[in-house]
Amino acid sequence: MILTEANYFSLEADREYCSSSQYKDFIGCPAYHGCEARAMATIRGEWEKETTTALMVGTILDALWELSDVDSDERTTILSEKFPDCISTRGATKGELKAEYKKCIQLYERTYKDPKFRTYMSGDKQRIFTGEIEGLPFKVKLDSFIEGKAIVDLKTTEDASREFRKFVPDSGRLPFYTLWGYDTQLAIYREIVRQNTGDTLDCYIAAVDKKPHPLPVIINIEREKLDEALDAVKRNCNTIIRLKSGELEPIRCDSGDCDYCRDTYVCEVVSSSEFETFELGGGA
């Protein structure tokens, strides 16, 4: 299957290729439980992850940077066509982004005016590559591909300051890029790009937080960290191959914060002692 902008996010593409987001759906990351049953239900088209405002803010920011060379009127028209549900259709704000998405404009303008941020976002936008890791086909779509030099991934986050950490049981206090598995994402990108170009490129996160006064940062993920993340991906590829081929039956995570497991949970009677001694981290 030849991937294009039009079919990249299709179910057909997701069935043929794994992606960093699909990988995390299977395996998880510190902030997000992996669930084999949820991942397979998504691939089969039986369940769809909720599109949150936070997710759409990041998607629209990607689009604004992709359209950075387009004049503002044309940019507004294109955004209206790409994200009709995010555009106001009545009143004084008709044709503009709805109130909950106007933050995207602030984030774009804040990052665009920073010369260093502009430099790192100056590469080819949304460049698609495909390859294989341990026999598992992967697809990647890069926010900024600076040929021969760097891979840059654009992210929004709760807090981009250096002191910000989130505590995760068994993992400790983590920066946002480890919390959400962005190091794993860039490790996959780097390997697939290497297979296509022969270059093992430096990888960066260009992030901006969503605070009232947004803070932009550029973070270089060291090669050793990417190597470790890629090794972990390689260890999990065979399991994903077997799950997607139907050789293995997917396991439910039955985690209380897994929407799929909550939506498909079948009630059973449990004793109060079972309920009270249940270990945190599993069970619907």
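That block above? That's the structure.
Since we're looking at a predicted model, the values are computed, not measured.

Quick notes on the rules
Residue numbers restart at each chain and count upward from 1, following the sequence in its written direction. This being a predicted model, a pLDDT of at least 70 is required before a residue's local features are given, and a value of 80 or more before pairs of side-chain atoms are given or counted; all residues contribute to the totals for chains, interfaces and linings. Excluded from the side-chain calculations are hydrogens and water; all other atoms, namely the structure's heavy atoms, are used. Counting from the N terminus, the helices are DSSP H or I runs at least four residues long and the strands are E runs at least two residues long. Only the C-alpha atoms count toward the radius of gyration. The rule for a globule is 2.2 Å times the residue count to the power 0.38. With a 1.4 Å probe rolled over the protein chains alone, any residue whose accessible area is under 20% of its type maximum counts as buried; one over 50% counts as exposed, and the rest are partly exposed. Only four residue types enter the charge count: Lys and Arg as positive, Asp and Glu as negative, with His and the chain ends excluded. Where a charge lies is defined by one atom per residue type, namely NZ (Lys), CZ (Arg), CG (Asp) and CD (Glu). Think of a nonpolar core as a cluster: buried Ala, Val, Leu, Ile, Met, Phe, Trp, Tyr and Cys residues, connected wherever their side-chain atoms sit within 4.5 Å. Contacts are residue-level and defined by heavy atoms, with any inter-residue pair within 4.5 Å sufficient. Counted as a polar contact is a pair of N or O atoms within 3.5 Å, where, for protein atoms, one must be capable of donating a hydrogen and the other of accepting one, and residues adjacent in sequence contribute only when both atoms are in side chains. A pair is scored as a salt bridge if a Lys or Arg side-chain nitrogen falls within 4 Å of a carboxyl oxygen belonging to Asp or Glu. Orientation is described by lines fitted to C-alpha atoms, with helices fitted over the stretch in contact, and by angles between N-to-C directions that extend from 0 to 180 degrees. By definition in this entry, angles of less than 35 degrees are roughly parallel, angles greater than 145 are roughly antiparallel, angles of 65 to 115 are roughly perpendicular, and the rest are oblique. Crossings are classed by handedness, with left-handed meaning an anticlockwise turn of the near helix from the far one by less than a right angle and right-handed meaning a clockwise turn. Here the nonpolar group is Ala, Val, Leu, Ile, Met, Phe, Trp, Tyr, Cys and Pro; Asp, Glu, Lys and Arg are the charged ones; every other residue, Gly included, is treated as polar. Pairing between strands requires that DSSP locate at least two bridges from one strand to the other.

Draft legend 1. Here's a closer look at the overall build of the chain. Along its length, the chain carries 12 helices and 10 strands. In terms of C-alpha radius of gyration, the chain reaches 20 Å, essentially the compact-globule figure of 19 Å for 284 residues. Over its C-alpha atoms, taken along the principal directions, the chain stretches across nearly 60 × 50 × 40 Å. Relative to its full complement of 284 residues, the chain shows a buried share of 43%. For the chain, the distance from the average site of its 38 positive side-chain charges to the average site of its 51 negative ones is 5 Å.

Draft legend 2. Representation of the nonpolar core in the model. With 38 residues, the main nonpolar core has Ile133, Phe138, Leu142, Ile151, Leu186, Ile188 and Ile205 as its most contacted residues. Excluding residues that lie within four positions of it along the chain, Ile133 makes contacts with Phe138, Ile188, Glu191, Ile192, Gln195, Leu230, Val233, Lys234 and Cys237. Val57, Leu79, Cys86 and Ala150 belong to the second-largest nonpolar core, a separate cluster that totals 26 residues.

Draft legend 3. How the structure looks around the environment of Ser255. Relative to the elements of secondary structure, Ser255 occurs in the loop between helix 10 (223-245) and helix 11 (259-264). Looking at Ser255, its side chain comes within polar contact range of the side chain of His33, at 3.4 Å.

Draft legend 4. Summary view of the pattern of salt bridges. Going through the model one piece at a time under the given rule, you end up with 15 salt bridges. A salt bridge links Glu66 to Lys82; its shortest N-O distance comes to 3.9 Å. In this pair, Glu66 is assigned in helix 4 (residues 53-66) and Lys82 in helix 5 (residues 72-82), connecting sequence segments 16 residues apart. For the salt bridge of Arg127 with Asp124, the shortest nitrogen-to-oxygen distance reads 3.0 Å.

Draft legend 5. The arrangement of the environment of Ser144 in detail. Relative to the helices and strands, Ser144 resides in strand 5 (residues 144-146). Between the alpha carbons of Ser144 and Lys210 there is a distance of 21 Å; along the sequence they are 66 residues apart. Excluding residues that lie within four positions of it along the chain, Ser144 makes contacts with Tyr120, Met121, Ser122, Gly123, Asp124, Ala150, Ile151 and Val152. For Ser144, the side chain forms a polar contact with the main-chain oxygen of Tyr120, separated by 2.8 Å.

Draft legend 6. Representation of unusual backbone geometry in the model. Phi angles above zero are rare outside glycine, and Asp170 is one such case at about 75°. With respect to the helices and strands, the residue Asp170 is situated in the loop between strand 7 (166-168) and strand 8 (172-174). Taking relative accessible area as the criterion, Asp170 reaches 86% and is therefore assigned exposed.

Draft legend 7. Focus on the packing of helix 3 (residues 36-43) against helix 10. Contact geometry of helix 3 with helix 10 gives a least axis separation of 11 Å together with a crossing angle of 50°. The orientation of helix 3 relative to helix 10 falls into the category oblique. As for how helix 3 packs across helix 10, the hand of that crossing is right-handed. Mapping the contact onto sequence places Glu36, Met40 and Ile43 in helix 3 and Thr239, Leu243 and Lys244 in helix 10. Class assignment of the residues belonging to the contact of helix 3 with helix 10 gives a composition of three nonpolar, one polar and two charged.

Draft legend 8. Quick peek at the sheet that holds strand 5. Across the sheet, which stays open at both edges, the four strands sit in the order 5-6-9-10 with mixed pairing between neighbours. Strands at the two margins of the open sheet, each flanked by one partner only, are strand 5 and strand 10 (216-221). Within this sheet the neighbouring strands show an average axis-to-axis angle of 25°, counted without direction. Summarising the sheet, strand 9 (residues 202-209) and strand 10 pair through six bridges and their orientation is antiparallel. Along strand 10, the bridge assignment pairs Ile205 with Ile219. The strands that helix 4 touches are strand 6 (150-157) and strand 9; relative to strand 6, the one it contacts most, it runs at about 135°.

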